[in-house]
Amino acid sequence: MTLPKPYLERLGVNQHTGLGNDAAKALLGEHGENVLTPPKQTPTWVKFLKELTGFFSLLLWGGSFLCFAGYIIDRSQDHLFLGIVLVVVVVVTGIFSFVQNSKSESLMNSFKSMLPPKVKVLRSSTTDEVMSTHIVPGDIVFVEAGDLIPADIRVLECSDNFQVDNAALTGESEPQKRRPACTHDDPLETQNLCFFGTQVPEGSCKGVVIETGDGTVMGRIAALAMSTKNEQTPINKEIHHFILVISAIAMFLGVLFFFLNIMIGTPYIENLVFMIGIIVANVPEGLLATVTVCLTLTAKRMHAKKVLVKNLEGVETLGSTTCICSDKTGTLTQNIMTVARIVYGGNNAFVTEDAPSSFTSGNKTYDPTNVCFQKLMRCSALCNVATFNESSKWEYDEDGETKKVDEFGNHIPVSFKGLLTQGDGTTIESYNWKPVGNASECAMIKFVQSEASHSLDDSDVDAIRSSHPTKFAIPY
């Protein structure tokens, strides 16, 4: 397959030799690194200051200053203590909100990485691994099953079974076939384009980078998401309205009694202290602490149920919600399948047995010594192109690239299975090894490997495939 000459000329690339190293450096300087521009970060001290200067907090600050003013005027200990209490309430509740929101924000930051660390690139007729942040438009890249698409690319050559999982971009649950020919005028529909952040569950491809960083489809979506304005939450609107009403009532009563006391001849200093007392008395100093503590406790309970609260006020907003419209795949579900039932030949007829899963309460009823069952395990491993991600089988240092070693210098393996604590506190088995490929085929190799972990013979996926090497493959 050869791209149209005008397109190749515009990119300034030969698809058989790739970009020259000098040209790639020049394009990197022109287009910048292949990363999404992060939103502007607010300094930590500014975030903390905002927590201390919300509209309700300002009302309490005003009340505390009036208390201190009253103490200066008449030296009353009551005014001093009340002013200190109001300051403590504002600071403590501000710290509560700041810590809770910071926890949520740091957790959300862990989901930002959608780039593979390195990608195979053809430059100056040489194929080498390059940091994905350094690829540029015109680079010829190679991707295989299990890889993330490092940028928006146009397919030049691919295997017959090449597919991409667009769930992260479009929500489509089924992998989409890709091929070199243009099949649609809409870039999102045509089969010769692959997009940044999507995954390759099956097959391999050689493609040319057409957009990087913010110019990608994912980059434009991210820019739209960051351009939206934050609207007030229902509880924020209610508190704002409540404060306006309370402030108006407090000021009206304070001024009213101030003038009434003037009319009856009360001394001005005593009259001023009395007015300050009336205004401060109408300030609900316990409300801010009550609201913050209630929302924080609710957020912690929701966190135990695996619900992330990005903003404390969002807790109450969820309670005011009447309808939630959501994409299913990747949002409500994980696009992960598990073997729950097995059908194989018994002594007289086919039998249906349970496999360990959440649908069967972890119970299994099949007979692992049955010859038909063993042949089914072999077919599940051989008629299957899904694999386990090699990096998930070993423990790594914090840099994510160096394997950990034990005291004897051996690499430390990761156990195939582990225990996962659910939101209700119960634990279930989970798979530490990450499968790569079609969801159905991944479910099969997980089951085969799980069964092999209970067996003493070499019946795991790698062993079965090693003893039965592939002669040829017919794409499904």
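Note: the structure precedes this text.
Quantities reported herein were computed from a predicted structural model and do not represent experimental measurements. (Residues numbered from 1 in each chain as written. Predicted model: local features only at pLDDT ≥ 70, side-chain atom pairs only at ≥ 80, totals over all residues. Heavy atoms only, no water.)

A.B. asks: Sorry if this is basic, but what is going on with the packing of helix α12 (residues 371-382) against helix α13 (residues 439-452) here?
C.D. replies: Relative orientation and spacing of two packed helices are given, respectively, by the angle between their axes and the distance between those axes. It is at 9 Å that the axes of α12 and α13 come closest, and there the two elements cross at 130 degrees. Accordingly, the angle class assigned to the pair α12 and α13 is oblique. Viewed along their axes, α12 and α13 form a crossing whose handedness is left-handed. For the pair formed by α12 and α13, the contact residues are Phe373, Met377, Ser380 and Ala381 on the first element and Met444, Ile445, Phe447, Val448 and Glu451 on the second. Taken together, the residues of the contact of α12 with α13 sort by class into seven nonpolar, one polar and one charged. (Axes fitted to C-alpha atoms, helices over the stretch in contact; angles between N-to-C directions. Helix = DSSP H or I, 4+ residues; strand = E, 2+ residues; numbered from the N terminus. Parallel < 35°, antiparallel > 145°, perpendicular 65-115°, else oblique. Left-handed = near helix turned anticlockwise from the far one by under 90°. Contact = heavy atoms within 4.5 Å. Nonpolar A, V, L, I, M, F, W, Y, C, P; charged D, E, K, R; others polar.)

A.B. asks: What am I meant to see in unusual backbone geometry here?
C.D. replies: Among all residues except glycine, the phi angle is most often negative; among peptide bonds, the trans geometry is most common. Not every positive phi belongs to a glycine, and Ser124 is a case in point at roughly 50 degrees. Take Ser124: it is sitting in the loop between β1 (118-123) and β2 (126-131). For Ser125, which is not glycine, the phi torsion reads 65 degrees and is therefore positive. With respect to the helices and strands, the residue Ser125 is situated in the loop between β1 and β2.

A.B. asks: Quick question: what am I supposed to make of a nonpolar patch on the surface here?
C.D. replies: Together, Phe81, Ile84, Val88, Val92, Phe96, Val293 and Leu297 line one region of the surface with nonpolar side chains, adding up to about 580 Å² of accessible area. Looking at the nonpolar patch, the elements with two or more residues in it are α5 (77-109) and α10 (285-304). Tallying contributions element by element places α5 first for the nonpolar patch, with five residues. Considering the arrangement of structural elements, one finds Val92 in helix α5. (Patch = residues over 30% accessible without salt bridge, like charges linked within 9 Å, V, L, I, M, F, W, Y side chains within 5 Å. Areas by Shrake-Rupley, 256 points an atom, 1.4 Å probe, with all protein chains shown as cover. Salt bridge = Lys/Arg side-chain N within 4 Å of Asp/Glu carboxyl O.)

A.B. asks: How do you make sense of the environment of Phe48 when you look at a structure like this?
C.D. replies: Of note, Phe48 is situated in helix α3 (residues 44-52). On a C-alpha basis, the gap between Phe48 and Val99 in space is 9.1 Å, while along the polypeptide they are 51 residues apart. With residues up to four places along the chain from it excluded, the contact list for Phe48 reads Gly94, Ile95 and Phe98.

A.B. asks: What's the story with the pairing of strand β9 (residues 204-211) in this structure? I'm lost.
C.D. replies: Note on strand geometry: in a regular strand, side chains alternate between the two faces of the sheet. Here strand β3 (residues 140-144) pairs with β9 via five bridges, running antiparallel. When the sheet's bridge partners are listed, Phe142 is paired in β9 with Lys206. Where strand β4 (residues 152-158) lies against β9, six bridges are found, and the strand directions are antiparallel. Note that in β9 the partner of Asp152 across the bridge is Glu211. (Pairing = 2+ DSSP bridges.)

A.B. asks: It is not clear to me how α13 should be interpreted in this structure. Could you clarify?
C.D. replies: Each turn of an α-helix holds 3.6 residues, which means side chains three or four residues apart point in the same direction. If you check α13, its first and last C-alpha atoms are 20 Å apart, about what 14 residues at 1.5 Å a residue would give, namely 20 Å. Most of α13 is tucked away, with twelve of its 14 residues classed as buried. (Expected span 1.5 Å × (residues − 1). Buried < 20%, exposed > 50% of the residue type's maximum accessible area, 1.4 Å probe, protein only.)

A.B. asks: Help me understand the side chain of Lys206 in this model?
C.D. replies: Within the fold, Lys206 resides in strand β9. Here Lys206 occupies a buried position and makes no salt bridge, while the nearest side chain of opposite charge, Glu157, is found at 4.2 Å. Those residues within four positions of Lys206 in sequence are excluded, and the remaining contacts are Gln15, His16, Ile140, Val141, Phe142, Arg154, Val155, Leu156 and Glu157. (Lys, Arg positive; Asp, Glu negative; His and termini not counted.)

A.B. asks: For this particular structure, what's the right way to read the environment of Ala151?
C.D. replies: In this structure, Ala151 sits in the loop between β3 and β4. Sequence separation between Ala151 and Asn34 is 117 residues, and the spatial gap between their C-alpha atoms is 7.6 Å. Leave out the neighbours within four places in its chain, and Ala151 touches Asn34, Ile135, Cys194, Phe195, Phe196, Val209, Glu211 and Thr212.

A.B. asks: Mind showing me how you'd approach the sheet that holds strand β5 (residues 163-165) here?
C.D. replies: For sheets, the rule is that strands pair by backbone hydrogen bonds, running either parallel or antiparallel. With antiparallel pairing, three strands are arranged side by side in an open sheet as β6-β5-β8. Taken across any chain shown, the strands that pair with only one partner, and hence form the sheet edges, are β6 (176-177) and β8 (199-202). Sheet analysis places β5 next to β6, joined by two bridges and oriented antiparallel. Each bridged residue has a counterpart across the sheet, and for Gln163 the counterpart in β6 is Lys177.

A.B. asks: What's the story with the packing of aromatic side chains in this structure? I'm lost.
C.D. replies: Where two aromatic rings form a pair, the distance of their centres and the angle of their planes describe that pair. All chains considered together, the criterion is met by ten aromatic pairs. With a centroid separation of 5.6 Å and an interplanar angle of 75 degrees, the aromatic rings of Tyr366 and Phe447 are classed as edge-to-face. Here the residue Tyr366 occupies a position in the loop between β11 (350-354) and α12, and Phe447 occupies one in helix α13, the gap between them amounting to 81 residues. Accessibility assignment for this pair places Tyr366 and Phe447 in one class, buried. Between Phe388 and Trp433, the ring centres sit 5.5 Å apart and the planes meet at 75 degrees, which makes this aromatic pair edge-to-face. Of the two residues, Phe388 is situated in strand β12 (residues 387-388) and Trp433 in the loop between β14 (427-431) and β15 (435-436); the sequence distance between them amounts to 45 residues. Under the relative-accessibility criterion, Phe388 is labelled buried at 9%. One aromatic cluster in this structure is built from Tyr344, Tyr366, Phe373 and Phe447. Lys393 extends its terminal NZ or CZ atom over the ring of Trp433, reaching a point 5.0 Å from the ring centre. (Phe/Tyr/Trp six-rings, centres within 6.5 Å; stacked < 30°, edge-to-face > 60°. Lys NZ or Arg CZ within 6 Å of the ring centre and 35° of its normal.)

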